[in-house]
Amino acid sequence: MTPTITAFERSPDRGRGQARDMRVRWALEEVGQPYDVRLVSFSEMKEPAHRALHPFGQIPTYEEGDLALFESGAIVFHIAERHGRLLPDDANARARAVTWMFAALSTVEPPILELANARLLESDKPWSKERLPLVEDRVRDQLKQLSARLGSDDWLDGGFSAGDLMMVSVLRRLNRSGLLDEYPNLSAYVVRGEARPAFRRAFDAQLAVFAAASTG
């Protein structure tokens, strides 16, 4: 059965592949699973029909037969389990890959999102200039530890896994910040992820939606 995911009708990231449906698209491309996309507007995301799938009125959602999921991490985990890929066969390695998924979403991403809010939504506040360096340092604290753990390895724990997919997706939010450049091994790590054919297919699919909306 072909799953259906939801995505922004008009993505606020202007086709840069930052919206969270990108993570799901990438996972589906990695496992070779065809999928359909239902585009939703910002107003439709808040309507009862969509909230029945995502109680917080966001994207992405994932529908497969009687199964409906929300939250990108949960969806990627389901895809990895369902298709027997993106998670190692060895039980301990599998558990570590899942741990890295949680680390990406629970430890690394929150200060990065805080930085984005500080730069985009709070730059006009009188306390912004004092707060911004503090937020940047919180991001650096996480990057420093992650950089030390990755070292010279290509991926976080052996071969590419769902943990890397989620971590690269999170780190890509820093591509325009300059902070990632302070950690060359993390910059190279992101580039490796973006070079994967499955990533390119997912990115191009999301970019095509933005391009169509811009010319429509």
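Along each chain, residues carry numbers from 1 onward, in the same order as the chain's sequence is written. The model is predicted, so local features are restricted to residues of pLDDT at least 70 and side-chain atom pairs to those at 80 or more, both for listing and for counting; the totals for chains, interfaces and linings are taken over all residues. With hydrogens and water excluded, all non-hydrogen atoms of the structure serve as input to the side-chain values.

### Things to note about the overall build of the protein
For helices the rule is a DSSP run of H or I covering at least 4 residues; for strands it is a run of E covering at least 2, with both sets numbered from the N terminus onward. Per the secondary structure count, the protein includes 8 helices and 4 strands. In sequence order, the protein lays out its α and β elements as β-α-β-α-β-β-α-α-α-α-α-α. Dimensions of the protein, computed from the C-alpha atoms along their principal axes, are close to 45 × 45 × 30 Å. Partly exposed residues are those whose accessible area sits between 20% and 50% of the maximum for their type, while under 20% is buried and over 50% is exposed, using a 1.4 Å probe and protein chains only. Here the protein holds 216 residues, and the buried ones make up 48% of them. Two residues qualify as a contact provided that any one of their heavy atoms is within 4.5 Å of a heavy atom in the partner residue. Long-range pairs, those at least 24 residues apart, make up 67% of the contacts in the protein between residues at least 6 apart in sequence. Surface accessibility follows the Shrake-Rupley procedure with a 1.4 Å probe radius. Residue values consider only the protein chains on display as shielding. Looking at the protein as shown, the accessible area adds up to about 10900 Å², and 52% of this sits on carbon and sulfur atoms. Charge centroids of the protein, computed over 28 positive and 31 negative side chains, lie 3 Å from each other. A positive count includes Lys and Arg, and a negative count includes Asp and Glu. His and the chain ends are not counted in either. A charge is said to be at NZ when it belongs to Lys, at CZ for Arg, at CG for Asp and at CD for Glu.

### Quick look at unusual backbone geometry
The peptide bond linking Ile 59 to Pro 60 adopts the cis configuration, its omega dihedral lying at 5°. Positioned with a positive phi, Leu 86 is a non-glycine residue whose angle comes to about 70°. Following the sequence through the fold, Leu 86 ends up in the loop between helix H3 (72–83) and helix H4 (91–120).

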